[in-house]
Each structure stands twice: as C-alpha cells, then as structure tokens.
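Next come the chains, spelled out residue by residue.
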Amino acid sequence: MSNPASPPAVGVLEDRPPLTFPPGFLWGAATAAYQIEGAAAEGGRTPSIWDTFSHTPGRVVEGHTGDVACDHYHRLGPDVALMAELGLKSYRFSVSWPRVQPGGSGPANGEGLDFYRRLVDELLGHGIEPWLTLYHWDLPQPLEDAGGWPARDTAARFADYTTLVADALGDRVRYWTTLNEPWCSAFLGYGSGVHAPGRSDGADAVRAGHHLMLGHGLAVQALRAARPTAEVGVTVNLYPVTPASDAPADADAARRIDALANRFFLDPLLRGSYPADLMADLADVTDFGHVRDGDLATISTPLDLVGVNYYSRHVVAAPVPGAEPEPYWRAPSCWPGSEDVRFVTRGVPVTDMNWEIDAPGLVETLRRVHEEYTKLPLYVTENGSAFVDEVVDGRVDDVDRLAYFDAHLRAAHEAIEAGVPLRGYFAWSLMDNFEWAWGYTKRFGMIHVDYDSQARIPKSSARWYAEVIRRNGLAAQ
Ligand code: IFM
C-alpha cells in the first residue's frame, strides 16, 4: 500500500452553515493502552502479544515498539489537564489486560489497577466522564501461548479479567465497552497476520472472531453481575461496501466483503445468528464446528449501547481470473474465502493511511446500524485521520485533519437528523501514538507528540475541536 508523503487536501472550510448537536452530546477523544502508555515492564506488567510482535524483527515499520510510546503512564496528570483544557466531556481509554492481570489468569495486580484508579479519579476530578474499553488488542502472551483467541478458553479468561476490572473500577466508571474492533483482532491478527500475534490461517481467524464475541457476551454478563448500573456496549469497526460497477459479479464481491467486514459481527451480536450467506462463503474455510449450543445467545446478551468506529469505505470488484491481487491485500489475506475480491481505488482524496475520505459513508453506516439492527443509542467511538504534520515555530497547522473532522461531524449531524440516536463522538486520537504495524510513522493525534522529548503540542484541530465542544456544534465558516 503506497502512502503519499503529501496527501491531497480535503478541502477548505467555507460556506458551511453552523450546526448544533443535541443537549448532553458526549464529546470525547479516544486512545488505547498499548498505543500510549509505555512503561511496558513497570508496575508488574508482563508482555502482551503486541510486545512480542513489535519486538520481532520485520513486524513493525522501523522496528518501533510500545515500550515507551507517549509515556502516558508517567504523564497521566498533565495529559488529563490537557484534556480538560480542550473541554472534553469524556475520555475513552483502554485497560491493559497484562497490566492488571499479568499472565492473563489469577489474581489482579494491585499496582496495575491503581494506575487506572488514579486515571479515573483524575478524569472525574476534572469533570471528564471516563469511558473504559476492556480489550484493545493486548492479549497477555501466555494466553496466546495457550492458543490465543482461536482457543475457546480465552473467552472465559476474558470474563474473569472483566470481573477483576469491574470490581476495582465499577464504582466510578459508568460507560464500558468490551472489545474494540474485533474484526482487526481476528482477521488482521490471525488471518493476514499483519497485526499481533501475526498468525495466518483463515479458519483460526474465523474461530478467533467467534471466541472474541463469546468473550464479549460473557464479559457483559460478568459486568452486569458486578455492576448492575453500568452502561455496557461493544465497539465494532464498520465500512460501507460498494460495488465498483453495476455488474452482478461486483455486487456479489461487495456482498461477500460486507459479510466478512460487517455482518460477521453485527448479526451475532445484535441478532444472535450468523448470516447464512457468510457461512456459505466460508464453507471451504471452516465448518463452524467451534460454535456450540448457547453461544449465540451469550453473544447477543442485551446491551445498553453500540460503539461504531468509522474511517472509510471499501469499494470492491469481482476477481479477474489470473490477475495479481492488490499489494495491500496480497496473500495471506484477511478475507478468508474471498481472497480474490479486488479492492478498487476511486482516485478520491485519501489520508496518510491511503484510506479514502468518505464522510457520507458515516451517515450510511450509522443509519444502517439503526435501521437494520438496533434501536439502542449509538456512539461514534472512533473517527479520525492520519496526515503528515509539520511543526513550524512550535505550531502544527493540521488543516487536512481539521477538515476531515468537520466533514465527519457534519455527517454525524445528518445522521441524527435522519433519526439515528447518536449520543456521542470520540475523535481518534487524543494524541499521536503507536499506530500498530506502522509504528510511530503515522500521526492521528489532535495533540502532536515529540517522541524524543515527549513534549505535547495541541494542533489546530485540537483548538478547533475545543471550540466545537464549547459551542456544542460547528460554527459557520
Ligand atoms: O489506531 C487505530 C486504533 O487502535 C483502532 N482503530 C483504528 C485506529 C487507526 O488505525
């Protein structure tokens, strides 16, 4: 996948009307433990699959690791003060499983839990609502050694870990999400292997996806038992999938990718079943023998909210016999059973990840979840863009990122006007951080991080977002 050094601008902000969001709209920003905390070997923390993966030569660009990251573990106070300066109403963070339950089983590590107690207390002290994600990809390494997410027992371990966190933090955290983006954990971690643990087996990816959702269902039940008043949900990353042409074969390619990317998760979580067409597409990959009686009822345990992460759209076309696959999707594939589907670029502006910028896709996605799946409150739990930033005279004028946020907030507002019960929006990300296989080479933050000095500089987008929050909406441009 090529990544242009200077991606095209999204467009200038002009002639745009002011928009106001509903009262109480939850304006936030998000991060994840391994991407920002650092302190990888401190306070009793033991390795996760991402420590092992990032320390394996060739896995992460330039050999970057999360050992130090943004050193947030040691900078919690000033970082929360920055959030307060921006006026954030909520902060979405994840708990590092190997920090609070080293090894992934057994008793809690008090020192690890204390870090999150301090974080939550600091947030509450500044009037910022903590939003806790239990799993943002950092599986304790011993659980991977025992089989990882393709192994059923990992789901039970996840529920035990959830109880430890709920007992420690349930008195002060109202909003909980179990998993972040299970598609990535399953299909990038065990399918293409471009994410930790770096395994490549289609059947394992499908099993991993099922056990992640089973773990989610068990975790919801554990949370409800420990904290009946908690607001509990899950975060899925969704894409509109569009056929490249009107040809029936392209429509079928879109159906297949939609099944794997979206419906693989939405249907079990919100309808309690796997889509029949998905199971047929995967017939040569797995017989779904790993699905046991009662699993789908557990997976679809009722929720209080659904989190949607939205970044871009997939445009796809039917396989061309004998053609080379697109480089990004070259085998091993993260699309088991549909490896030959072609991902097409339309020539529209892209971010530094080479992801097409498609704000209308957010309206489509939110409407689809609301109209086809659930009447529960929805939250955009991540949305944002990587661009190449330059520090000039101590400032970062990230107009492209700002325009991306503006366009997507307008889309979020359009969805609300269309009847979607969208209750909040979390910008990804609060600060630049470890972007997984891309290491520190991609910057998604509203706050610039100098990884040598750990100095933070709020970018133009951060100042702009602070004003959006202050007004509860967008000013006229
Ligand atoms: O950085 C990631 C995040 O961890 C999960 N959602 C997508 C972001 C950008 O790739």
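Model, not experiment: these values are computed from the prediction.

**Student:** I'm lost on the overall build of the chain in this one. Help?
**Tutor:** Assigned secondary structure in the chain consists of 15 helices and 15 strands. On the principal axes, the C-alpha backbone points of the chain span a range of 55 × 55 × 45 Å. By the burial criterion, 60% of the 477 residues in the chain qualify as buried. Partitioning the contacts of the chain with sequence separation of at least 6, the portion at a separation of at least 24 is 79%. For the chain, the exposed surface amounts to about 16900 Å²; the carbon and sulfur share of it is 51%. Side-chain charges of the chain comprise 40 positive and 63 negative groups, with the mean position of each set lying 4 Å from the other.

**Student:** Please clarify how the packing of helix 10 (residues 248-271) against helix 13 (residues 360-373) should be interpreted in this entry.
**Tutor:** To describe two helices that pack against each other, one gives the angle between their axes and the distance between the axes. Running from N to C, helix 10 and helix 13 point in directions that differ by 40°, and their axes come no closer than 12 Å. By the criterion of interaxial angle, the relationship of helix 10 to helix 13 is oblique. The handedness of the crossing between helix 10 and helix 13 is right-handed. Only Arg368, Glu372 and Tyr373 of helix 13 make contact with helix 10, whose side of the interface consists of Asp258, Asn262, Arg263, Leu266, Asp267, Leu270 and Arg271.

**Student:** Would you take a moment to explain helix 13 for this structure?
**Tutor:** An α-helical turn contains 3.6 residues, so a residue and the one three or four places further along point in the same direction. Here helix 13 spans 19 Å end to end across 14 residues, near enough to the 20 Å set by a 1.5 Å rise per residue. Of all the positions in helix 13, only Gly361, Leu362, Val363, Thr365, Leu366, Val369, His370 and Tyr373 are classed as buried. Check the buried side of helix 13 and you find it contacts helix 10, strand 8 (305-309), strand 11 (378-383), helix 14 (399-417) and strand 12 (422-428).

**Student:** Which parts of the structure should I look at to understand the nonpolar core?
**Tutor:** The nonpolar side chains of a soluble globular protein tend to be buried, and buried together. Membership of the largest hydrophobic core comes to 133 residues, with the highest contact counts inside it found for Trp50, Tyr135, Trp176, Phe187 and Tyr465. Apart from the residues lying within four places of it in its own chain, the contact partners of tryptophan 176 are Leu132, Leu134, Val165, Ala166, Leu169, Gly170, Leu223, Ala230, Glu231, Val232 and Gly233. Membership of the second largest hydrophobic core comes to 16 residues, among which are Ala30, Ala32, Trp131 and Ile357.

**Student:** How should I be thinking about the pairing of strand 3 (residues 90-94) in this particular structure?
**Tutor:** Along any regular strand, the residues point their side chains to alternate faces of the sheet. For strand 3, the buried fraction is high: 5 of the 5 residues fall into the buried class. With 3 bridges joining them, strand 2 (residues 26-30) and strand 3 adopt parallel strand pairing. Bridging from a neighbouring strand, alanine 29 pairs with tyrosine 91 of strand 3. By the bridge criterion, 5 bridges tie strand 3 to strand 4 (residues 129-135) in an arrangement that is parallel. Each bridged residue has a counterpart across the sheet, and for serine 94 the counterpart in strand 4 is threonine 133.

**Student:** Can you walk me through the site of the ligand in this structure?
**Tutor:** Neighbouring residues of the ligand: Gln35, His136, Trp137, Asn180, Glu181, Tyr311, Trp355, Glu382, Trp428, Glu435, Trp436 and Phe444. Glutamate 382 is positioned with one of its side-chain polar atoms (N or O) 2.5 Å from a nitrogen atom of the ligand. Here tryptophan 436 contributes a side-chain N or O atom positioned 2.8 Å from an oxygen atom of the ligand. Expressed as a share of its isolated accessible area of 280 Å², the protein-covered part of the ligand is 96%. Broken down by class, the residue content of the shell around the ligand amounts to 6 nonpolar, 3 polar and 3 charged.

**Student:** Would you explain helix 10 in this entry?
**Tutor:** Helix length check: helix 10 (24 residues) gives 28 Å between terminal C-alpha atoms against 34 Å at 1.5 Å per residue, more than 12% under. At arginine 263, helix 10 shows its largest bend, some 55°. Once helix 10 ends, the next one or two residues include glycine 272, with phi positive near 75°.

**Student:** Would you mind going over the sheet that holds strand 9 (residues 314-317) with me for this structure?
**Tutor:** Pairing between the strands of a sheet comes from backbone hydrogen bonds, and it takes one of two forms, parallel or antiparallel. Strand order in the open sheet made by the 3 strands is 7-9-10, with mixed pairing throughout. In the strand order of this sheet, the two ends are held by strand 7 (241-243) and strand 10 (342-343), each with one partner. Here strand 7 pairs with strand 9 via 3 bridges, running parallel. Within strand 9, the residue paired with threonine 242 across the bridge is valine 315. Across the sheet, helix 10 is in contact with strand 7, strand 9 and strand 10; its angle to strand 7 comes to roughly 170°.

Cut-off values and rules
Residues numbered from 1 in each chain as written. Predicted model: local features only at pLDDT ≥ 70, side-chain atom pairs only at ≥ 80, totals over all residues. Heavy atoms only, no water. Helix = DSSP H or I, 4+ residues; strand = E, 2+ residues; numbered from the N terminus. Buried < 20%, exposed > 50% of the residue type's maximum accessible area, 1.4 Å probe, protein only. Contact = heavy atoms within 4.5 Å. Areas by Shrake-Rupley, 256 points an atom, 1.4 Å probe, with all protein chains shown as cover. Lys, Arg positive; Asp, Glu negative; His and termini not counted. Charge placed at Lys NZ, Arg CZ, Asp CG, Glu CD. Axes fitted to C-alpha atoms, helices over the stretch in contact; angles between N-to-C directions. Parallel < 35°, antiparallel > 145°, perpendicular 65-115°, else oblique. Left-handed = near helix turned anticlockwise from the far one by under 90°. Expected span 1.5 Å × (residues − 1). Core = buried A, V, L, I, M, F, W, Y, C linked by side-chain atoms within 4.5 Å. Pairing = 2+ DSSP bridges. Near = heavy atom within 4 Å. Polar contact = N/O pair within 3.5 Å; in protein donor to acceptor, adjacent residues only side chain to side chain. Nonpolar A, V, L, I, M, F, W, Y, C, P; charged D, E, K, R; others polar. Bend = angle between axes of the 7 residues up to and from the residue.

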